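# A look at the structure
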Amino acid sequence: MSEDKYIHITSQELEERMMAIRDCWSQFFTKMVELYKEETGITTLEVKYEVNTEALHEIVDRVYQREDYFKRYHSGMKMSEYKEIGLNMFWLAKFHPFNIDGKGFDERFCFDINEEFILHYMFIALEKLAKIQKKNYDSGRITRSLYDELLYSLSFRDISKEAMGIIVELVANIVIYE
């Protein structure tokens, strides 16, 4: 990224970032379907999902633009990992790029699926960060009540981009430790 002029994300980097989010979603979705089957006793379930590629593209592009903003307007400063994770979460919450299409399951299964995914995304990203930092990671240190509060907040509260980064850092201080 140039010091004085915005340079758009390359198509390769755009595709890599979009694919990383899609892969995380796919892992999450498979896990959620299996949990749903276990809870309901249903053995076969035809559930498909759709990805709004345009929304995913916009999410990645907006996060990249913010990274560029930090570099150009904050003396070459790099955006923190927590802020980047939080920014992805913010835009995922705004654009809801994933939709479930299926029959024969309780509609509550897909009501807050994007918000559930956002928390899954955060925990996976923090786990990767812990590995890079060579620290311990345990998402089980988040209480059920805190998890539910985070899920509720993502679904019904207006959380700013900046606040989302702080939330990620606070959660990181719980799940990542020496």
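Preceding this section is the structure that the text describes.
The rules behind the values
Residues numbered from 1 in each chain as written. Predicted model: local features only at pLDDT ≥ 70, side-chain atom pairs only at ≥ 80, totals over all residues. Heavy atoms only, no water. Phe/Tyr/Trp six-rings, centres within 6.5 Å; stacked < 30°, edge-to-face > 60°. Helix = DSSP H or I, 4+ residues; strand = E, 2+ residues; numbered from the N terminus. Buried < 20%, exposed > 50% of the residue type's maximum accessible area, 1.4 Å probe, protein only. Lys NZ or Arg CZ within 6 Å of the ring centre and 35° of its normal. Core = buried A, V, L, I, M, F, W, Y, C linked by side-chain atoms within 4.5 Å. Contact = heavy atoms within 4.5 Å. Expected span 1.5 Å × (residues − 1). Salt bridge = Lys/Arg side-chain N within 4 Å of Asp/Glu carboxyl O.

## Brief notes about the packing of aromatic side chains
Following the criterion strictly, the structure yields 15 aromatic pairs and no others. Between F98 and F117 the ring centres are 5.2 Å apart and the planes differ by 75 degrees, which places this aromatic pair in the edge-to-face class. One end of the pair, F98, is in strand β2 (residues 98-102); the other, F117, is in helix α5 (residues 113-133), and 19 residues separate them in sequence. No difference in accessibility class separates F98 from F117, as the two residues are buried. Relative to Y121, the ring of F117 lies with its centre 6.3 Å away and its plane at 50 degrees, an arrangement referred to as tilted. Taken together, the residues F117 and Y121, both in helix α5 and 4 residues apart, mark about one turn of the helix. An aromatic cluster of three or more residues is present, and its members are W25, F28, F29, Y49, F98, F117 and Y121. The positively charged end of R62 is found above the aromatic ring belonging to W91, 4.4 Å away from the centroid. Note that R141 overlies the ring of Y177, its terminal NZ or CZ placed 4.1 Å from the centroid.

## As for the nonpolar core
As a rule of thumb, nonpolar side chains are buried together in soluble globular proteins. Counting 56 residues, the largest nonpolar core has F117, M122 and L126 as its most contacted members. Of all the secondary-structure elements, those providing two or more residues to this core are α1 (11-40), α2 (53-73), α3 (81-95), β2, α5, α6 (144-156) and α7 (161-175). No other element matches α5, which puts 12 residues into this core. Apart from residues no more than four positions distant in its own chain, F117 is found in contact with I21, C24, W25, F28, L92 and F98.

## Details of unusual backbone geometry
In this structure, H96 is a non-glycine residue whose phi angle is positive, near 40 degrees. With respect to the secondary-structure elements, H96 resides in the loop between α3 and β2. With a relative accessible area of 30%, H96 lands in the partly exposed category.

## With respect to α1
Taking 1.5 Å per residue as the helical rise, α1 with its 30 residues ought to reach 44 Å, and the 42 Å between its terminal C-alpha atoms agrees with that figure. L14, M18, I21, R22, C24, W25, F28, F29, M32, V33, Y36 and K37 are the residues of α1 that are buried. One or two positions beyond α1, positive phi appears at G41, with a value near 80 degrees.

## Let's talk about the pattern of salt bridges
For the coordinates displayed, the defined rule picks out 12 salt bridges. E58 serves as the salt-bridge partner of R62, at 2.7 Å between the closest nitrogen and oxygen. Remark: E58 and R62 occur in helix α2; sequence separation between them is 4 residues, near one turn of the helix. Taking relative accessible area as the criterion, R62 reaches 30% and is therefore assigned partly exposed. Taking the shortest distance from any N to any O, the salt bridge between K94 and D158 comes out at 3.5 Å.

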